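# Geometric and topological summary
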Amino acid sequence: GAGVSQSPRYKVAKRGQDVALRCDPISGHVSLFWYQQALGQGPEFLTYFQNEAQLDKSGLPSDRFFAERPEGSVSTLKIQRTQQEDSAVYLCASSPDSTGTSFGPGTRLTVT
Amino acid sequence: GIQVEQSPPDLILQEGANSTLRCNFSDSVNNLQWFHQNPWGQLINLFYIPSGTKQNGRLSATTVATERYSLLYISSSQTTDSGVYFCAVVRSGGYQKVTFGTGTKLQVIP
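Every value quoted in this text rests on a predicted model; they were computed, and no experiment measured them.

Definitions and limits used
- Residues numbered from 1 in each chain as written.
- Chains lettered and ligands numbered in written order.
- Predicted model: local features only at pLDDT ≥ 70, side-chain atom pairs only at ≥ 80, totals over all residues.
- Heavy atoms only, no water.
- Buried < 20%, exposed > 50% of the residue type's maximum accessible area, 1.4 Å probe, protein only.
- Helix = DSSP H or I, 4+ residues; strand = E, 2+ residues; numbered from the N terminus.
- Pairing = 2+ DSSP bridges.
- Core = buried A, V, L, I, M, F, W, Y, C linked by side-chain atoms within 4.5 Å.
- Contact = heavy atoms within 4.5 Å.
- Buried area = accessible area lost by both parts, 1.4 Å probe.
- Salt bridge = Lys/Arg side-chain N within 4 Å of Asp/Glu carboxyl O.
- Polar contact = N/O pair within 3.5 Å; in protein donor to acceptor, adjacent residues only side chain to side chain.
- Axes fitted to C-alpha atoms, helices over the stretch in contact; angles between N-to-C directions.
- Disulfide = S-S within 2.5 Å.

Residues and elements named next belong to chain B. In terms of burial, strand β9 (residues 83-91) is largely enclosed, as 7 of its 9 residues are buried. For strand β4 (residues 29-37) and β9, the ladder comprises 8 bridges, and the chain directions are antiparallel. Across the sheet, residue W34 finds its bridge partner in β9, namely C87. When β9 meets strand β11 (residues 104-109), the two strands line up antiparallel, connected through 3 bridges. Paired with V84 across the bridge in β11 is K105.

Shown next as structure tokens:
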């Protein structure tokens, strides 16, 4: 079946612009996660949804980062007033239960 | 939070060689996965292995949960095995928040 999809795959933003990154999880997956992966590093947790409820946003680096999943399926990660340090790959993942997590291909964000 | 350490951090192998990657974690887990991140950045799930041993072709993995470690074996390595291998765990008692290890960067040379 279809895996987790993300769009756009690549995004270049000028410093100060707002961006929106989209994630389509695997159909029926209750849990959805966003991760940030800086160059040469492992993925770092940003936020977690169970259906439409955002249960953990402890990893969001600042109040410029906002995530939503209003209908419990598609999710959007929004970054306001982008800064150069926001340049990274943003990974979305979904999970049905305790049997493992599937990751999307990521969105590579470059802030110039 | 839970700490996940992987070793070695870097590994260079001649094509055809075997290797063992290790993952140590600091707390009880109810989920452990091994991922391969290919040069294009895609995270490929290799094994879901909270305990026991599994094999898939040239790859196998063993997790000893009571001793808080997992091993990934790569036999007869190929150049396509190059990339970064991550161990990722979910701490017991929590939801499915995945904590990644530090990674092992593998380069297989012809």
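Let's shift gears to the pairing of strand β8 (residues 75-79) of chain A. Residues and elements named next belong to chain A. The element β8 is largely enclosed, with a buried count of 4 among its 5 residues. Sheet analysis places strand β3 (residues 19-24) next to β8, joined by 5 bridges and oriented antiparallel. Bridging from a neighbouring strand, L21 pairs with L77 of β8. Here strand β7 (residues 65-68) pairs with β8 via 4 bridges, running antiparallel. By the bridge assignment, A67 is partnered in β8 with L77. Taking the residues that link successive antiparallel strands as the turn, the β7-β8 hairpin has 6 residues, and the phi of G72 there is positive, at about 80 degrees.

With that out of the way, let us pick up the nonpolar core. In this structure, F25, W34, L72 and V89 of chain B are the most contacted members of the largest nonpolar core, which totals 22 residues. When residues of this core are traced back to their parent elements, those giving at least two are β2 (10-14), β3 (19-25), β4, β5 (43-48), β7 (59-64), β8 (69-74), β9 and β11 of chain B. Setting aside residues up to four positions removed in sequence, L72 of chain B forms contacts with S19, T20, L21, W34, L46, F47, S60, A61 and Y85 of chain B. Counting residues in hydrophobic clusters, the runner-up holds 20 residues, among them L32, F49, F65 and I79 of chain A.

Okay, the interface of chain B and chain A next. Reports often express the size of an interface as the amount of accessible area lost when the parts come together. Contact with chain B, which involves 13 residues of that partner, is made by 19 residues of chain A. Buried surface at the junction of chain B and chain A, both sides included, amounts to about 1,500 Å², of which 54% is carbon and sulfur. Along the contact surface separating chain B from chain A lie 0 salt bridges. Remark: the boundary between chain B and chain A carries 4 residue pairs in polar contact (both at pLDDT 80 or more). Listing elements by their share of the side of chain B that touches chain A, those giving two or more residues are β4 and β5 of chain B. Sort the elements by how many residues they give to the side of chain B that touches chain A and β4 of chain B lands first, with 4 residues.

Let's shift gears to the sheet that holds strand β1 (residues 5-7) of chain A. Residues and elements named next belong to chain A. Pairing is antiparallel across the open sheet formed by 4 strands, whose spatial order is β1-β3-β8-β7. Among the strands making up the open sheet, the edge pair consists of β1 and β7. Looking at each pair of strands side by side, their axes are set apart by 15 degrees on average, direction ignored.

What follows covers the state of the cysteines. Residue and element names in this part refer to chain A. This structure, assessed with the given rule, holds 2 disulfides over all chains. There is a disulfide in this structure between C23 and C92, and the S-S distance comes to 1.8 Å. On the sign convention where negative means left-handed, the S-S torsion of about -65 degrees between C23 and C92 marks this disulfide as left-handed. Remark: C92 occurs in strand β9 (residues 88-95) and C23 occurs in strand β3; sequence separation between them is 69 residues. Taken as a pair, C23 and C92 share a single burial class, namely buried.

Shape is all these values report; function is a separate question.
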